[in-house]
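# Architecture and fold: a report
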Amino acid sequence: MERFVYIPSPLGTLTLVEEEDSLTGLYFGQLASQGQKGPTPLLEEACRQLEEYFAGKRREFSLPLSPKGTAFQLKVWQALLTIPYGETRSYRDIAQLAGCPKGCRAVGMANHRNPISIIVPCHRVVGANGSLTGYGGGLQAKQFLLELERQAVHGS
């Protein structure tokens, strides 16, 4: 059964979703869910880790993840997990890691459909020239997350 909670964050309310003891969603805003609202040990741990992340004290998440998507999307999301905290990669870099070197647009679409934002760090993917490009939470949220990580890494 799906369970969910709403949590406050510096980016507004986030919706966390769990199914079968794995995190399946982290969405911006209060999203309606078919599941049951209320905390579980996993959702509470996810909240704790997110609080640490937003405080600049956590660089990696340690949570069971089960995003739902196509085989290609899963490859892309797995590639996103290899981007180090405080760094960025281009869509082309991720396409190569996902085994589809000419699939920059497909990577962009997979990024757009990432169901576990922040934890699966699609915000770390930028244009080839380093420019910020689309983000489900909005470009301001993407900029905020990149700046949060930059400050934690560089201390400025």
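These remarks concern the structure in this document. Quick caveat, the model's predicted, so the values are computed rather than measured.

On to the overall build of the protein chain. Regarding its fold elements, the protein chain presents five helices and six strands. Counting from the amino terminus, the protein chain carries its helices and strands in the arrangement β-β-β-β-α-α-β-α-α-β-α. Scaling as 2.2 N^0.38, a compact globule of 156 residues should have a C-alpha radius of gyration of about 15 Å, and the protein chain matches this with 15 Å. Seen through its principal axes, the protein chain has C-alpha atoms that stretch 40 × 40 × 25 Å. Looking at the 156 residues of the protein chain, the share that counts as buried comes to 41%. Long-range contacts, defined here as pairs at least 24 residues apart, represent 58% of the contacts in the protein chain between residues at least 6 apart. Positive and negative side-chain charges in the protein chain, numbering 16 and 14 respectively, have mean positions lying 10 Å apart.

Let us now look at the packing of aromatic side chains. Within the structure shown, the criterion is met by four aromatic pairs. Taking 5.4 Å as the distance between ring centres and 40 degrees as the angle between the ring planes, the aromatic pair formed by Tyr53 and Phe61 counts as tilted. Judged on exposure class, the residue Tyr53 and its partner Phe61 are both buried. Note on Tyr53 and Tyr85: the rings are 6.2 Å apart at their centroids and 90 degrees apart in plane angle, and the pair reads as edge-to-face. Here the residue Tyr53 occupies a position in helix α1 (residues 41-54), and Tyr85 occupies one in the loop between α2 (71-80) and β5 (89-90), the gap between them amounting to 32 residues. The exposure classification of Tyr53 matches that of Tyr85, with both residues buried. Every member of this aromatic cluster is reached through a ring pair, and the members are Tyr53, Phe54, Phe61 and Tyr85.

Moving on, we get to the pairing of strand β3 (residues 22-28). Counting buried residues in β3 gives five out of seven residues, a clear majority hidden from the surface. The pairing of strand β2 (residues 14-19) with β3 spans six bridges and is antiparallel. The partner of Glu19 across the bridge, within β3, is Ser22. Linking β2 to β3, which pair antiparallel, is a turn of two residues; within it Glu20 sits at a positive phi near 50 degrees.

Buried within α2 are the following residues: Gln73, Val76, Trp77, Ala79 and Leu80. Along the axis of α2, the buried residues cluster in a sector spanning 155 degrees; they form a single face. Buried positions along α2 lie against α3 (91-97), α4 (104-112) and β6 (125-126).

About the cut-offs
Residue indices follow the written sequence of each chain, beginning from 1 at its first position. For this predicted model, a pLDDT threshold of at least 70 governs which residues receive local features, and a threshold of 80 or more governs which side-chain atom pairs are given and counted, while totals over whole chains, interfaces and linings are taken from all residues. With hydrogens and water stripped out, all remaining heavy atoms of the structure feed into the side-chain values. Helix numbering and strand numbering both begin at the N terminus, where a helix is a DSSP run of H or I of at least 4 residues and a strand a DSSP run of E of at least 2. Based on C-alpha atoms, the radius of gyration is set beside the globule rule, defined as 2.2 Å times the residue count to the power 0.38. Partly exposed describes any residue whose relative accessible area lies between the buried limit of under 20% and the exposed limit of over 50%, with all areas from a 1.4 Å probe on protein chains only and scaled to the type maximum. Throughout, a contact is declared for two residues whenever any of their heavy atoms are within 4.5 Å. His residues and chain termini do not enter the charge count, which takes Lys and Arg as positive and Asp and Glu as negative. Charge coordinates come from a single atom per side chain, which is NZ of Lys, CZ of Arg, CG of Asp or CD of Glu. Any two of the Phe, Tyr and Trp rings considered here, Trp counted by its six-membered ring, make a pair once their centres fall within 6.5 Å; the pair's planes then place it as stacked at under 30 degrees, edge-to-face at over 60, or tilted in between. At least two bridges found by DSSP between two strands is the condition for calling them paired. Arc, as used here, means the arc of the directions from the helix axis to the C-beta atoms.

Purely spatial values, then, with no claim about function.
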